[in-house]
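Summary of the model geometry
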Amino acid sequence: MDKNFQEEEFTQIIKFTPPLHKQRHQFVKDLVEKYKPKKVADLGCADCSLLWMLKFCSCIEVLAGLDICANVMKEKMHTLSPLPVDYLQPSERSLTVTLHHGSVAHKDPCMLGFDLVTCIELIEHLEESELKKFPEVVFGFMAPSIVVISTPNSEFNRLLPGVMLYRHPDHKFEWNQAQFQSWALETARCYDYSVEFTGVGHPPTGMEKVGFCTQIGVFVRKYPPTGGSVQSEKPAEAVYKTVFKTVYPSLKDEKYLQNAVISEVIFTAQIIKHRLMSKREEYDDDPERKSKFQPSMDCFSDSLGKLVVEKNMEPFVSGNEVYIPLATIFSFPKVNRLCGTFEKLCKLIAGKVTLSSDGSAVMFNIEHENEEN
């Protein structure tokens, strides 16, 4: 069930810009950009729209979603899969995305170790028995550094035409500001968290006391969790069912790194060769300059890195072969960044790129090129 559909139907008269659900997602994204968490879990992820937004945050390496309704996740989980461009241009970071089917009232070891846990428009869907277990699962067992909880502010409902009791037929309750803050403060006290209150969806001018349409509590853990207590509660078996998992191509994976390095080495060597041959042709056309021809990196444009290199790093032509020293190629910023060390460069291209007999230079045979020209 789409948690946003009926609410947006009511709130469109207020004309929230952007729409309220997008404001909630942007709030989470801003927190991610501020705190740079590596592992983020979205409880009650529904259609995965928040996870889809967060997968573009470069700091995140692990994303997990949990929902009680597997069908809703399955309808949209394809949006979390890598695109062809992700394989053509692998990211420098690793990213794993996993979706689980289960209840937030149950503990599962797969949800341990997260930096940020989001519960966006979730708690109002919980039965009373589930709500009682929720704090212990999230704050006691999972114990992330930060927890974000958003829920409707019932005081705002009188401004929403058509709302008789609750904004959504699946809501089990909707709290006013005092009720939410009382619950949040008590939860924070029990589990050693601090909490700050804010929200999205401003009320009309002159009605500020009504508060935000969506009220938000941001919980920050005061102390690192005691590993012993968490481990002692760790269940023997997993209770969630994994319905989706994907690992994005990454340059941290050597097979993708090797492909990227080989492509960059060949591309760089081809540019250097082209510049070298163009300069050579200029000298061939001018007899007076031909005798003075000494290929050097000075002939390359500023876009090639403004390199200052030793003589033994200069490319040269011998017969029908052009030699581009690996030391020269390694000096280019992108190749250097990809490989890290010269030894790594040599290892990654070994057997994949044509090299000189001593392995010190990329070699091109220009005999066929001359025949074609």
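Residues numbered from 1 in each chain as written. Predicted model: local features only at pLDDT ≥ 70, side-chain atom pairs only at ≥ 80, totals over all residues. Heavy atoms only, no water.

As recorded in an unreviewed UniProt entry, the chain goes by the name Small RNA 2'-O-methyltransferase, listed as coming from Dasyornis broadbenti. What the UniProt record of the chain gives under Catalytic activity (unreviewed entry) is the line "small RNA 3'-end nucleotide + S-adenosyl-L-methionine = small RNA 3'-end 2'-O-methylnucleotide + S-adenosyl-L-homocysteine + H(+)". On record in UniProt, under Cofactor (unreviewed entry), the comment for the chain is "Mg(2+)". (UniProt positions renumbered as here; feature names shortened; annotations may be inferred.)

**Remarks on the overall build of the chain**
Scanning the chain from terminus to terminus reveals 14 helices and 11 strands. When each of the 373 residues of the chain is scored for burial, the buried share is 45%. Long-range contacts, defined here as pairs at least 24 residues apart, represent 73% of the contacts in the chain between residues at least 6 apart. (Helix = DSSP H or I, 4+ residues; strand = E, 2+ residues; numbered from the N terminus. Buried < 20%, exposed > 50% of the residue type's maximum accessible area, 1.4 Å probe, protein only. Contact = heavy atoms within 4.5 Å.)

**Quick notes on the sheet that holds strand 10 (residues 321–325)**
What the three strands build is an open sheet, ordered 9-10-11; its pairing is antiparallel. Since the sheet does not close on itself, it has two edges, and those belong to strand 9 (316–318) and strand 11 (361–365), each with one partner. Direction aside, neighbouring strands of the sheet carry axes that sit 25° apart on average. (Pairing = 2+ DSSP bridges. Axes fitted to C-alpha atoms, helices over the stretch in contact; angles between N-to-C directions.)

**Brief notes about unusual backbone geometry**
The peptide bond linking Thr 17 to Pro 18 adopts the cis configuration, its omega dihedral lying at -5°. Tracing the sequence through the fold places Pro 18 in the loop between helix 1 (5–11) and helix 2 (20–35). The phi dihedral of Lys 36 is positive, around 55°, even though this residue is not glycine.

**So, the nonpolar core**
The biggest cluster of nonpolar side chains holds 37 residues, and the ones touching the most others in it are Val 32, Leu 54, Ile 60, Leu 99 and Val 148. Setting aside residues up to four positions removed in sequence, Leu 99 forms contacts with Cys 45, Cys 48, Leu 51, Gly 65, Met 73, Met 77, Leu 80, Lys 241, Thr 242, Val 243 and Phe 244. One finds Leu 66, Val 138, Ile 149 and Trp 175 within the second-largest nonpolar core, a separate group that totals 32 residues. (Core = buried A, V, L, I, M, F, W, Y, C linked by side-chain atoms within 4.5 Å.)

**Things to note about the side chain of Thr 246**
In this fold, Thr 246 is placed in strand 8 (residues 241–247). Relative accessible area serves as the criterion here: at 11%, Thr 246 is assigned to the buried category. Residues contacting Thr 246, with those up to four places away along its chain left out, are Leu 80, Pro 82, Leu 95, Thr 96 and Val 97.

**Digging into helix 6 (residues 128–142)**
Along its 15 residues, helix 6 runs 20 Å from first to last C-alpha, staying within 8% of the 21 Å computed at 1.5 Å per residue. Helix geometry: helix 6 is bent most strongly at Phe 134, by close to 30°, with proline Pro 135 lying one to four residues after it. Those residues of helix 6 not exposed but buried are Leu 131, Phe 134, Pro 135, Val 137, Val 138, Phe 139, Gly 140, Phe 141 and Met 142. A positive phi of about 45° marks Ala 143, the residue just after helix 6. (Expected span 1.5 Å × (residues − 1). Bend = angle between axes of the 7 residues up to and from the residue.)

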